[in-house]
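Summary of structural features
The chain contents come next:
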Amino acid sequence: MNYYFTYFIAAIGLFSFSAFFALFGVYAERKISAFIQDRLGPTETGKYGSLQTLADILKMLQKELIVPAAADKWLFMLAPAVIFIAVYLGFAALPWAPGLIPSKTNIGLYYIFAIISIETLGILMAGWGSNNKYSILGAMRSAAQIISYEIPAGFAIISVVMIAQTLDLQVISAQQGILAAEKIKFAGFWDVSQIGGLFSWNVFRAPHLLIAFVIYFIASLAESNRAPFDIPEAESELVAGFHTEFTGIRFALVFLAEYSMMFLVSMIAVILFLGAWNTPLPNIGGVKLATWTTGVAWGILWVVIKTLSLVGVQMWIRWTLPRLRVDQLMNLCWKVLTPLAFACMLISGVWRLWLM
Amino acid sequence: MVQKVINAFTTAWKGLSLTVRHLFAGNGKREIVTVSDSNYFKQLEYGTNTIQYPKQQLPVPEVGRYQLDVEMDDCIVCDLCAKVCPVNCIDIESIKATEAIGQTSDGTTKRLYAAKFDIDMAKCMYCGLCTIVCPTECITMTNQYDKTVFQLSDLVYQFSDMTPEDAAEKRALFDKQQAEKQAAKLAAMKQKEGGA
């Protein structure tokens, strides 16, 4: 019985985390966009406008839930839930610190990629259910984009998996620091098993993973529908894309999913490439920085810092680069990223055979 | 193709470094200086460009065209402003006085009461013609540019300080004087006729 109790606590904890992160994320996004554009952003509600997103969500909760007369009611009403739950379930398999993971499964990475693909289904449901040309166009674009970009993202991930030889995210994390059970070599020649820190991260263990990381990061922008890959929303052409018809809390759920997705894909990037919960500080002789800064609390701190900086980069990119056209995006995906990711995968195989 | 990829990354990096410079530039409140200040355009290169409007206000030039205001004591109710107004936003109703009722600050004698002096600011197009034709310079544009109201009718500014009773009384007085004059005239004519 206690077993189930723990499950519920973990589920509620993850939900409150994603809700809290979405509030913080929206606030950060507004502030960052404002500073980039030489404005101040929200300043009125709370100190420096810090309560603004809380006020926004309270407003959204009070709004009427409108279902268009000609909409496919069930698809329309279920879509936001499907979109959010797909992302939310992905959180279950993310490791936060050594020994701290909501669901310790040996196919964690596979599970996450399977479950977040369902988001596309939710978006299609939303677009189709709205019975609106803009929405269905947005949904089709989203489906095309996410399905396409899953291929370079998948290949980039497979190149990590080939190096790590496991799909268990906790094992992949442990391999990138001083807690590793096996020998770790920096760039294939320098044994850093005892030194740890920055040098044992996957991107430095096998330098071609740096390219894989960039490919994964670009693809992850596309998967979370962030600019410059926000053609599903394209507010200038499609009004607001697949969520045009949603109001109140349903609209909020779509946004919650977007921000949770940002965190999720960034955290996967951190786990696979940037050392997960491992410290960036190496052991230098007697100064055992890595040993001192490894532990459950440190692990949470490191993973959150790394993930939030990646989320920050996503926001930075959004307010810098313009939205690309749909054919340009397909070109980039199929003609550049996919072959490059494939090459990374091949190099990974060779690397594993000859250098590890 | 490689060249294209490199180009994409370098141009993207250029843009990103530009925005990150702005991200970490000063984010303090904008300093309030007039447009004539030599630092006015230079200060827009750093820090925020927007202002927190109700709390901060940009100083406006004195000669700008903002809302109309009428100094009623100086008005001689000549109706020139209403006649010149291209959009007919000024509505004046005058009552002749029985005698000179005073002087404006520049010494012009006032002979008319203004029973009504309404300016519909919702119609006004801020051309300033009325302020030019006014012989006593009683109609002016103030530097008050912020005026929001909850009802459209609140934008009709009423400058006349006469109550309807006052106006009726003055009207009656004038009519009485006219009647007296008429009577006097008639009497004079009668006398003339009788005399001839």
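Residues numbered from 1 in each chain as written. Chains lettered and ligands numbered in written order. Predicted model: local features only at pLDDT ≥ 70, side-chain atom pairs only at ≥ 80, totals over all residues. Heavy atoms only, no water.

Section: the overall build of chain A
- When its secondary structure is counted, chain A shows 14 helices and 4 strands.
- Relative to the compact-globule value of 21 Å for 356 residues, chain A shows a C-alpha radius of gyration of 21 Å, a close match.
- In chain A, buried positions account for 51% of the 356 residues.
- Total accessible area on chain A is roughly 15600 Å²; 73% of this is exposed by carbon and sulfur atoms.
- Here chain A contributes 22 positively and 19 negatively charged side chains, and the mean placements of these two sets differ by 5 Å. (Helix = DSSP H or I, 4+ residues; strand = E, 2+ residues; numbered from the N terminus. Rg over C-alpha atoms; globule rule 2.2 N^0.38 Å. Buried < 20%, exposed > 50% of the residue type's maximum accessible area, 1.4 Å probe, protein only. Areas by Shrake-Rupley, 256 points an atom, 1.4 Å probe, with all protein chains shown as cover. Lys, Arg positive; Asp, Glu negative; His and termini not counted. Charge placed at Lys NZ, Arg CZ, Asp CG, Glu CD.)

Remarks on the sheet that holds strand S7 (residues 156-158) of chain B
All names here are of chain B.
- Spatially, S2-S5-S7 is the arrangement adopted by the 3 strands of the open sheet, whose pairing is antiparallel. Across the chains shown, the open sheet's two edge strands, defined by having one partner strand only, are strand S2 (90-96) and S7. Taken over all neighbouring pairs, the strand axes of this sheet differ in orientation by 15° on average, direction set aside. (Pairing = 2+ DSSP bridges. Axes fitted to C-alpha atoms, helices over the stretch in contact; angles between N-to-C directions.)

Overview of the packing of aromatic side chains
- One pass over the full model with this rule turns up 25 aromatic pairs over all chains.
- Measuring from ring centre to ring centre gives 5.3 Å for Tyr149(A) and Phe229(A), while their planes differ by 70°; the resulting arrangement is edge-to-face. Taken as a pair, Tyr149(A) in helix H6 (residues 133-164) and Phe229(A) in the loop between helix H9 (208-223) and helix H10 (235-238) lie far apart in primary sequence, 80 residues in all. Of the two residues, Tyr149(A) and Phe229(A), both sit in the buried class.
- Each ring, one from Phe117(B) and one from Phe159(B), has its centre 6.2 Å from the other, and the planes form 85°; the classification is edge-to-face. One end of the pair, Phe117(B), is in strand S5 (residues 112-120); the other, Phe159(B), is in the loop between S7 and helix H4 (164-195), and 42 residues separate them in sequence.
- Judged by relative accessible area, Phe117(B) falls into the buried class, the value being 1%.
- Of the aromatic side chains, those joined through ring pairs into one cluster are Phe17(A), Phe21(A), Phe24(A), Phe91(A), Trp96(A) and Phe263(A). (Phe/Tyr/Trp six-rings, centres within 6.5 Å; stacked < 30°, edge-to-face > 60°.)

Details of helix H1 (residues 2-36) of chain A
- An ideal rise of 1.5 Å per residue puts 51 Å on 35 residues; H1(A) measures up with 49 Å between its terminal C-alpha atoms.
- One or two steps after H1(A), the chain reaches Asp38(A), where phi turns positive at roughly 55°. (Expected span 1.5 Å × (residues − 1).)

A look at the layout of surface pockets
- Space inside the largest pocket adds up to approximately 1300 Å³.
- As for the largest pocket, its lining consists of 34 residues, and the residues nearest its centre are Ile218(A), Leu332(A), Ala8(B), Phe9(B) and Ala12(B).
- Sorting the residues of the lining of the largest pocket by element identifies H9, helix H13 (296-318) and helix H14 (326-354) of chain A together with helix H1 (2-23) of chain B as the ones contributing at least two each.
- Taken together, the residues of the lining of the largest pocket break down into 28 nonpolar, 4 polar and 2 charged. (1 Å grid on protein atoms, 1.4 Å probe; cavity = no way out; pocket = protein on both sides within 12 Å on 5 of 7 lines; lining within 4 Å. Points joined across faces, edges and corners; volume = space filled by probe spheres on them. Nonpolar A, V, L, I, M, F, W, Y, C, P; charged D, E, K, R; others polar.)

Here's the deal with the interface of chain A and chain B
- With 17 residues of chain A at the interface, the matching set in chain B holds 20 residues.
- Across the chain A/chain B interface, buried area totals approximately 1500 Å², and carbon plus sulfur atoms make up 68% of it.
- A per-residue breakdown of the area chain A buries against chain B is headed by Asp38(A), Leu40(A) and Trp316(A), which together make up 42% of the total.
- Counting across the chain A and chain B interface gives 1 salt bridge.
- Ionic pairing is found between Lys55(B) and Glu44(A), a salt bridge with its closest N-O pair at 3.0 Å.
- Inspection of the region where chain A meets chain B yields 6 residue pairs in polar contact (both at pLDDT 80 or more).
- The set of elements that each furnish at least two residues to the side of chain A that touches chain B consists of H1, H9, H13 and H14 of chain A.
- The element best represented in the side of chain A that touches chain B is H1(A), accounting for 3 residues.
- Classifying every residue of the side of chain A that touches chain B by side-chain character gives 11 nonpolar, 2 polar and 4 charged. (Contact = heavy atoms within 4.5 Å. Buried area = accessible area lost by both parts, 1.4 Å probe. Salt bridge = Lys/Arg side-chain N within 4 Å of Asp/Glu carboxyl O. Polar contact = N/O pair within 3.5 Å; in protein donor to acceptor, adjacent residues only side chain to side chain.)

Quick look at the pattern of salt bridges
- Evaluation of the coordinates by the stated rule reveals 11 salt bridges over all chains.
- A salt bridge links Arg323(A) to Asp230(A); its shortest N-O distance comes to 2.9 Å. A residue pair is termed long-range when its members are at least 10 positions apart, and Arg323(A) in the loop between H13 and H14 and Asp230(A) in the loop between H9 and H10 qualify at 93 residues.
- Owing to a relative accessible area of 7%, Asp230(A) belongs among the buried residues under this scheme.
- For Glu93(B), the salt bridge goes to Arg171(B), with nearest N and O atoms at 2.9 Å. Of this pair, Glu93(B) sits in strand S2 while Arg171(B) sits in helix H4, and the two are 78 residues apart along the sequence.
- Taking the relative accessible area as the measure of exposure, Glu93(B) reaches 34% and is therefore partly exposed.

Considerations on a nonpolar patch on the surface
All names here are of chain A.
- A grouping of Leu 51, Leu 54, Leu 58, Leu 61, Leu 65 and Ile 249 is seen on the molecular surface, where their side chains present a nonpolar patch of about 510 Å² in accessible area.
- Ranked by residues supplied to the nonpolar patch, first place goes to helix H2 (residues 52-62) with 3 residues.
- Inspection of the secondary structure puts Leu 61 in helix H2. (Patch = residues over 30% accessible without salt bridge, like charges linked within 9 Å, V, L, I, M, F, W, Y side chains within 5 Å.)

Some details on the nonpolar core
- Ranked by size, the top nonpolar core spans 89 residues in total, and within it Tyr216(A), Ile268(A), Leu272(A) and Phe273(A) carry the most contacts.
- Not counting residues within four places of it along the chain, the set of residues in contact with Phe273(A) comprises Ala156(A), Val160(A), Gln176(A), Trp201(A), Asn202(A), Val203(A), Leu209(A), Ala212(A), Phe213(A) and Tyr216(A).
- Counting residues in hydrophobic clusters, the runner-up holds 24 residues, among them Met72(B), Cys85(B), Ile92(B) and Cys134(B). (Core = buried A, V, L, I, M, F, W, Y, C linked by side-chain atoms within 4.5 Å.)

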